[in-house]
Amino acid sequence: LKVSRMWSQGLSMNRVSMTIRNCDFSEINRSGGQGILAYYGDLDVSNCTFTACKAGLSVEGCDSVTLTDCDFAGNDRGVSRVDGGLTMSNCRVVGNGPAVWASGLYGSGTYSNISDCVFAANINGGAACTGTYTNCAFLGNNTFGVGGGPGTTLQNCTLAANQNHGFYDEDSNVVNCILWGNSPAEFRYANQDVSYSIVRGGWAGTANRDLDPLFRVAGTGTWTVAATYDDGTKRSTLVNADGHYIP
């Protein structure tokens, strides 16, 4: 199902539970509309794409939100105002913005579980949502890579080439991660519990190392950052030195 060029919302739900599969939401009023607007209830979305919307998905008051195998690209914000329990896996959140804060994912008042997701080239931050991030990549986002709030945990994640720090918040746990090439530094705050990780410049903690991870894309090249999104090609302009797209 393709839902496109609607004036306000592609789909709106209020106090119901919905399961949505294999849909394409696009070009839904960049000045004020959402691909899906959900109030209360439960929402389960998989194998859907959201492009060129004010917000791909906007959620308020839902008890649970599950996102699986979805793409959010070229929206003002990918996922907005998630204030219920969020479970997100195998999603790609790329080239969203210019929402003022957290162009990729913004969650408020919830603890989320996010795994196997890519947040890349978002104009004003990759993800700002308290929770556990596992096997995720935050690449070339402007403003910050991830800013989850106190108590956030990063496990097996890579944060590289983000502007205004890779990890933005404090009092968090970072385990078996790579933080490299973020500007002006890998962490915004010093009070982090970091272990078994590669951190540029080093970091106190168990088994941390300051070793160049030697990132390569398509076998050659080094990271460069141009965190924008081309609506024509539907691709990020984040490239490596040889012109290969990332991710």
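Residues numbered from 1 in each chain as written. Predicted model: local features only at pLDDT ≥ 70, side-chain atom pairs only at ≥ 80, totals over all residues. Heavy atoms only, no water.

**Here's the deal with the nonpolar core**
By size, the foremost hydrophobic cluster in this structure holds 46 residues, and its most contacted members are L43, L67, M88 and Y133. With near-sequence residues (within four places) excluded, L43 lies in contact with M13, M18, I20, I36, A38, L57, V59, S64, V65 and T66. In this structure, V94, A120, A137 and A160 belong to the second largest nonpolar core, which totals six residues. (Core = buried A, V, L, I, M, F, W, Y, C linked by side-chain atoms within 4.5 Å. Buried < 20%, exposed > 50% of the residue type's maximum accessible area, 1.4 Å probe, protein only. Contact = heavy atoms within 4.5 Å.)

**Quick look at the packing of aromatic side chains**
Counted under the stated rule, the structure contains eight aromatic pairs. When the centroid spacing of 4.6 Å and the interplanar angle of 5° are considered together, the rings of F50 and F72 count as stacked. In this pair, F50 is assigned in strand β7 (residues 49–51) and F72 in strand β10 (residues 71–73), connecting sequence segments 22 residues apart. For the pair F50 and F72, a shared accessibility class is recorded, and that class is buried. Relative to Y189, the ring of Y168 lies with its centre 6.4 Å away and its plane at 80°, an arrangement referred to as edge-to-face. Here Y189 lies in the loop between β23 (178–180) and β24 (193–195) and Y168 lies in the loop between β21 (158–160) and β22 (173–175), a separation of 21 residues in the sequence. One aromatic cluster is present, built from ring pairs that chain together F25, F50 and F72. If you follow R188 out to its NZ or CZ, it ends over the ring of Y189, 4.7 Å from the centre. (Phe/Tyr/Trp six-rings, centres within 6.5 Å; stacked < 30°, edge-to-face > 60°. Helix = DSSP H or I, 4+ residues; strand = E, 2+ residues; numbered from the N terminus. Lys NZ or Arg CZ within 6 Å of the ring centre and 35° of its normal.)

**As for the side chain of N141**
On the secondary structure map, N141 appears in the loop between β19 (137–139) and β20 (153–155). One polar contact links the side chain of N141 to the main-chain amide nitrogen of N122, over a distance of 3.0 Å. With residues up to four places along the chain from it excluded, the contact list for N141 reads F119, A120, A121, N122, G125, G126, A161, N162 and Q163. (Polar contact = N/O pair within 3.5 Å; in protein donor to acceptor, adjacent residues only side chain to side chain.)

**Here's the deal with the sheet that holds strand β11 (residues 77–82)**
What links the strands of a sheet is backbone hydrogen bonding, and the strands pair in either a parallel or an antiparallel sense. What the six strands build is an open sheet, ordered β2-β5-β8-β11-β14-β17; its pairing is parallel. Whereas interior strands pair on both sides, the edge strands pair on one side only; in this sheet they are β2 (9–14) and β17 (127–128). Bridging between strand β8 (residues 55–60) and β11 involves three bridges; their strand directions are parallel. Paired with L57 across the two strands is V79, which belongs to β11. (Pairing = 2+ DSSP bridges.)

**Some thoughts on the pairing of strand β12 (residues 85–89)**
For strand β9 (residues 64–68) and β12, the ladder comprises five bridges, and the chain directions are parallel. Within β12, the residue paired with T68 across the bridge is S89.

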